[in-house]
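What follows is the residue order along each chain.
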Amino acid sequence: MQREHLSLVDVSEDRQEGDTRITKTYQVTQVYYQEYEASCLQKCSNGIIRVLEGTFYRIGLHVARHPYLVILVCLLVCGLCGLGLLKFEQTSDDAKLWVPVNSRVLPEKAWMENHFPEQFRYTSVIITASNILTPAVLNSMYDMYLKSSMMYVEGNTNLEGLCVKVGQSCNVQSILELWNNNGTIIRKLTMNDVLHTVNSGVKYSPVYGTEWSFSQQLGGIRRDRYGNIIGASAASMLWVLHKDPQKELSALDWEKQMISMATTSRPYIDKSYIYATRTFDDEGYGAVNADTTLLTLGFIIVFIFIILVLGRLNLVENKLYVSLAGIFSIGLAIVFSYGLAMAFGFLFGPIHNLMPFLLLGIGVDDMFVIVSAWNNLSDTERVLPLDRKMALTLKHAGVSITVTSITDIVAFGIGGSTVIPALSAFCAYAALGILALYLLVATFFVAVLTLDERRISDTRNSVLFCYKHKQYVPNACSQKDLIGTFLKDVYSPTLMKKYCKVAVAITTVVLASVNTWSFTKLRQDFDLYDYLPRDSYATEFVQTQMKYFPDRGFGASIYCGDLDYFADQAAILKMYADLNSNAYIQNGSLVFWYPVFLNYLKTTREPLVTQSLHDGFPGSRDQFNSLLLHFLQQREGRSFYHFLKFGNQTIPQVTASYMQFVHAHQSSSAGDIDAMESVRNIVDNARLVNGTCFSYGFKYLNNETNKVLKGELYRNLSLACVCVFLVTLLLIANLWTCILVFTCVLFTVVDVVGTLQFWDVTIDTASSILITLCVGLAVDYSAHVGHMFMTLLGTREERARATLASIGPAVLYGGLSTFLAFVLLANSRSYGFILFFRVFMTVVIFGLFHGLVYLPVILTWVGPAPYPSRVPQRSGTEQAEPVQRENGFGGQKVAILSKRRTVSTQADLGYPCGHCRCECHCGVHAQMEPQQQQQLQGIKSSGLDTSSPDTCSLQYNDVSACIVLRDADCATSQSLIGTQVCDHGTAGIQDAASRHGCVLCTVQCARQHLDEVMTHLGSGKIGLVTGSIPMAMPLDHQHS
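A. Just the overall build of the protein, in detail. Within the protein, the secondary structure is distributed over 35 helices and 23 strands. Scored against the burial criterion, the 1040 residues of the protein give a buried share of 56%. For the protein, the proportion of contacts with a sequence separation of at least 24, taken over those separated by at least 6, is 78%. With the model as given, the accessible surface of the protein reaches about 44800 Å², and the carbon-plus-sulfur share is 56%.

B. Representation of the pairing of strand β12 (residues 552-561) within the structure. By the criterion of burial, β12 is predominantly enclosed, with eight of the 10 residues buried. Strand direction decides the pairing type here: β12 and strand β16 (residues 654-664), joined by eight bridges, are antiparallel. If you follow C560 over to β16, its bridge partner there is S657.

C. Spatial organisation of the packing of aromatic side chains. Here the structure, examined in full by the defined rule, presents 49 aromatic pairs. Their ring planes at 75° and their centres at 6.1 Å tell us that F305 and Y813 sit as a pair that is edge-to-face. With F305 in helix α12 (residues 292-310) and Y813 in helix α30 (residues 808-822), this pair connects stretches of sequence that are 508 residues apart. Here F305 matches Y813 in class, with each residue buried. Taken together, a centroid distance of 4.7 Å and an interplanar angle of 25° make the contact between F643 and Y658 stacked. A residue pair is termed long-range when its members are at least 10 positions apart, and F643 in the loop between α24 (621-631) and β15 (644-646) and Y658 in strand β16 qualify at 15 residues. Accessibility classification places F643 together with Y658 in one group, the buried group. A cation over an aromatic ring shows up here: R799 above the ring of F789, its NZ or CZ 3.9 Å from the ring centre.

D. Molecular detail of α24. Along α24, the residues that are buried comprise F624, N625, L627, L628, H630 and F631. Close packing links the buried residues of α24 with α22 (593-603), α23 (607-610), β13 (613-614), β14 (617-618), β15 and β16.

E. The state of the cysteines, seen in detail. On inspection of all chains with the given rule, the structure shows two disulfides. Bridging C560 to C693, the disulfide has an S-S length of 2.0 Å. Disulfide C560-C693: torsion about the S-S bond near 110°, hence right-handed. Of this pair, C560 sits in strand β12 while C693 sits in strand β17 (residues 692-696), placing them 133 residues apart in sequence. A residue is classified by how much of its surface remains accessible, and C693, at 9% relative accessible area, is buried. With no disulfide partner, C721 has as its closest neighbouring cysteine sulfur the one in C723, 9.5 Å distant.

F. Summary view of the packing of α12 against helix α13 (residues 320-343). Put simply, α12 and α13 touch, their axes get as near as 9 Å, and they point 130° apart. Relative to α13, the element α12 lies oblique. Judged by the sense of rotation from one axis to the other, the crossing of α12 with α13 is right-handed. Together, F303, I306, I307 and L310 of α12 and L320, V322, S323, L324 and I327 of α13 make up the contact between the two elements.

G. The side chain of Q586, seen in detail. Locating Q586 in the fold gives a position in the loop between α21 (569-580) and α22. Once residues lying within four places of it in the same chain are set aside, the contact partners of Q586 are S215, Q216, D551, R552, G553, V662, H663 and A664.

H. Quick peek at the sheet that holds β12. Spatially, β15-β16-β12-β17 is the arrangement adopted by the four strands of the open sheet, whose pairing is antiparallel. Either end of the sheet is taken by a strand with one partner, and the two such strands are β15 and β17. Pairwise comparison of adjacent strand axes, ignoring direction, gives a mean angle of 15° for this sheet. One ladder, built from three bridges, connects β15 with β16; its direction is antiparallel. Each bridged residue has a counterpart across the sheet, and for L644 the counterpart in β16 is S657. Packed on one face of the sheet, helix α25 (residues 669-684) meets β12, β16 and β17 and runs near 170° to β17.

I. Inspection of the environment of F526 at higher detail. One can find F526 in the loop between α19 (498-520) and α20 (537-548). Sequence separation between F526 and S767 is 241 residues, and the spatial gap between their C-alpha atoms is 9.9 Å.

J. Representation of the nonpolar core. In this structure, L358, F368 and I370 are the most contacted members of the largest nonpolar core, which totals 171 residues. Sequence-distant contacts of F368, defined by excluding residues within four places in its chain, comprise F305, I306, V309, L310, A810, Y813, G814 and S817. In this structure, Y565, I572, M659 and F694 belong to the second largest nonpolar core, which totals 58 residues.

K. Representation of the packing of α13 against helix α14 (residues 355-375) within the structure. Where α13 meets α14, the axes come as close as 9 Å, and the angle between the chain directions of the two elements is 130°. As far as their axial angle goes, α14 and α13 are oblique. Crossing geometry of α13 relative to α14 is assigned as right-handed. Of α14, the residues touching α13 (which contributes G326, I327, S329, I330, A333, I334, S337 and Y338) are M355, P356, L359, L360, V364 and M367. Taken together, the residues that form the contact of α13 with α14 break down as 11 nonpolar, three polar and no charged.

Procedures and definitions
- All residue numbers here refer to positions counted from 1 along the written sequence of the relevant chain.
- Local features in this predicted model are restricted to residues of pLDDT 70 or higher, and side-chain atom pairs are both shown and tallied only at a pLDDT of 80 or more, whereas totals for entire chains, interfaces and linings draw on every residue.
- Each side-chain value is derived from all of the structure's non-hydrogen atoms; neither hydrogens nor water enter the calculation.
- Starting at the N terminus, helices and strands are each numbered in turn, a helix being any DSSP run of H or I of at least four residues and a strand any DSSP run of E of at least two.
- Relative accessible area decides the class of each residue, using a 1.4 Å probe on protein chains only: under 20% of the type maximum gives buried, over 50% gives exposed, and in between gives partly exposed.
- Any two residues whose heavy atoms approach within 4.5 Å are treated as being in contact.
- Using a 1.4 Å probe, the Shrake-Rupley method yields the accessible areas, and only the shown protein chains count as cover for residues.
- Strand pairing follows a simple DSSP-based rule, namely that at least 2 bridges must link the two strands.
- By convention, a stacked pair of Phe, Tyr or Trp rings (six-membered ring in the case of Trp) has centres within 6.5 Å and planes under 30 degrees apart, an edge-to-face pair has planes over 60 apart, and any other such pair is tilted.
- Counting as a charge over the ring demands two things of the Lys NZ or Arg CZ atom: a distance within 6 Å of the ring centre and an angle within 35 degrees of the ring normal.
- Any pair of cysteine sulfurs within 2.5 Å is marked as a disulfide.
- In this analysis an axis means a line fitted to C-alpha atoms, helices contributing only their contacting stretch, and an angle means the value between N-to-C directions, from 0 to 180 degrees.
- In this scheme, roughly parallel covers angles under 35 degrees and roughly antiparallel covers those over 145, while 65 to 115 is roughly perpendicular and the rest are oblique.
- The sense of a crossing depends on the near helix, which, turned anticlockwise from the far helix by less than a right angle, makes the crossing left-handed and, turned clockwise, makes it right-handed.
- In this description, a nonpolar core means a group of buried Ala, Val, Leu, Ile, Met, Phe, Trp, Tyr and Cys residues linked to one another through side-chain atoms lying within 4.5 Å.
- The nonpolar class holds Ala, Val, Leu, Ile, Met, Phe, Trp, Tyr, Cys and Pro. Asp, Glu, Lys and Arg form the charged class, and all remaining residues, Gly among them, are polar.

Okay, here's the thing in structure tokens:
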């Protein structure tokens, strides 16, 4: 840590030239620096960064020296991990994917499947007309009924061989039941006949004996002032088929023909709408499969973009194979993560198909950062051997990609602790994939980049690399970095203007405020029908059902096992009455065999029945079971046969049974959950003597997920944000910078979620996963900028502009590549793909805004000082503008160091050993008058410690100050920078360092301050030179 103190001091110079005495007076600023001990956090971070930089340097050195071996090892390791794919099995069971593992619905579902496995397929048709209750429309409906019976399908079978039968009739539910589905009667109906039958008070179906409800069959019912039905706008027809795996192809074919028939216009019918069991697979998943080509095209677009960005558009410097290696690295990461996760038993679901796009967005960013670091090597570093340059590239980029990769891994690792299996497994796959990609980019990609640089140095063709160009000169246009130039010369100067900064601050606050408000309005809701294409016949059916049958919700059942129906009559009837009056159950939808059986016992006149009754009820348990079996064989009871399971006793007893009902439609998932819990409370609190009952429906699986989904989302977001902050704090090692980076992540997530709410996106399983991904993606845009800002010197504004110029292109390219991968999904027919596009588009837009607009502006206002190791350690004075001129000589800016001190700084160039340190001073000579020479001391000694192959030390001792003058005071131009004073000589130092595989400590110190000197010289000023001056640098470079 440093703290500086400024004071003004007058300095005068007198010199005699012939008969003229010249006096020059300057007013200088004396600068004192006081050093403090580094904080615990800085010490910890410095240690981590030192280890990371040293490790990445050694990795880069090894990879560059053995690229083929590294590529082979990467392929071998990923191939071995990919053996886990032999256990590949995609899970499509919603219960295993989305239901929390500790939910009560899972054992209830298992019981249901064991006793009453799902055995039906449904095809529902809604018919609309100005008035359904006319003979013409009823005859047209009967024509549909007949045609459905006469359609022959694969296996030479028809409806008779596929349908569920009640007695001898197929279970086809419609208003035609009132006339026994009898064509002879229906063909002769008149308007009066229709209205008379409809208003005759029918309570049970004449065909199936089940309870009858007009609200189930008719929609848009119109009544006269006396309450009589006089018309209806819609009618429902339902076909019930067996779900037999052996006849599945025939059933699918029959449903396909039914869909064709229903979507064809018919006389007297305005329009008919259909939804079959196969519909969602055809329309929902069909849209996804149809739009998969858009994703493939997206990958191709990204590949082309990478080629354009990574290389230059000429025959030699184009990086076609590097781009291919980048895409291939993503493929290897997928093989690694999929294989390893499957080997450990993690489930694989449809949502895991998002993984390639997640890795594409993260992996491409890392590649751009590495190539950017390669392109930003200094002139001093570019003259080094290729292996050293690649080591330095990875060292510079390694910490940055480590920050983003580790935060992503930790964020997804936290997500893996969720109770939702699919989300937990996805996070596990993602964490492994990002880890693999992190390692592959640092090894496999760098190895290919090394080979490509060898090719470029040999001027070999970028496609036909066997062909070598002779005297090749690249075209001038290909040498221009348009994006980098724009960011450096146009964008960053404009952004740094005061009015732009204020506009950015206002925009950020407005966006955050509006989207925070929108965030609070985010609803939790899941509607499976949202995933149907908007132009699908299935969507039209759903919309029509909502219009004419708004109370029709989802179906469910009450299952009972080992219940004593003889002894528990009162409790069973009480439960039935409570269910029948429950507001969450649609009127007339409850179908229970028990009250129908009791009504049969009371109304029948069969001697076999009446002689077994005592006060209208069987006298014993055996009589109850015998009469129940008899009832199920009668017209009134045969439709209930599949509702019961019997044991193997002499007189079979009921071991399991269920009743059906339909929940009233609810406007949200929260309402569905309330409906489920209401029914559960009635059943759970029924005072049954023996046995148990529970409520279960397929929608209950979604309800159980929705119960915890919102809390899990907020939990995962909170924990991921905390972990991102802690990891960035540890690796960036500056609390204030981490807070600013964290605000970028937080604002990005809030803006994304708030914008999604404006699109009417709700919290469901898909959106929850995508929103969780936002944290991992958002941190990439800001962490690179924050870390780069901490490594640069200068004023806050200078550092912000330099940050945009150096890392800005890589961040921008990463965002654009992610956007291009999904831009074609904007016109997808699939809601899932549209949601995917919206989430990633908003992440890119808001992530780039906060990373490249908001953060640089904030850093210019409140940005922290650079890392202590980056700050040149100095003590002295800086001269202000000259205050006096005499005899035509203008005073120049002078720097005088007034205090002798020793500096120890960590070299920016690493060593294979990673332990090199240098103690260095500035030591620039200038011939001056004795008054000034008294303030200087020459370099007394210099030495090179070559005792250890792991450590090299270059020491400049007893050096106090330096002055650089661009004036007549300098005797020779050679004295401007310095002279060779090392005992070993320039070549000696280089040779000694080379023998131990080391690069001189002083090179980086010299590079920094030489650039500073050259900058001031170019502007006509003399700059302060501090730190170390490289005695091993060639003099022609020093005076360039």
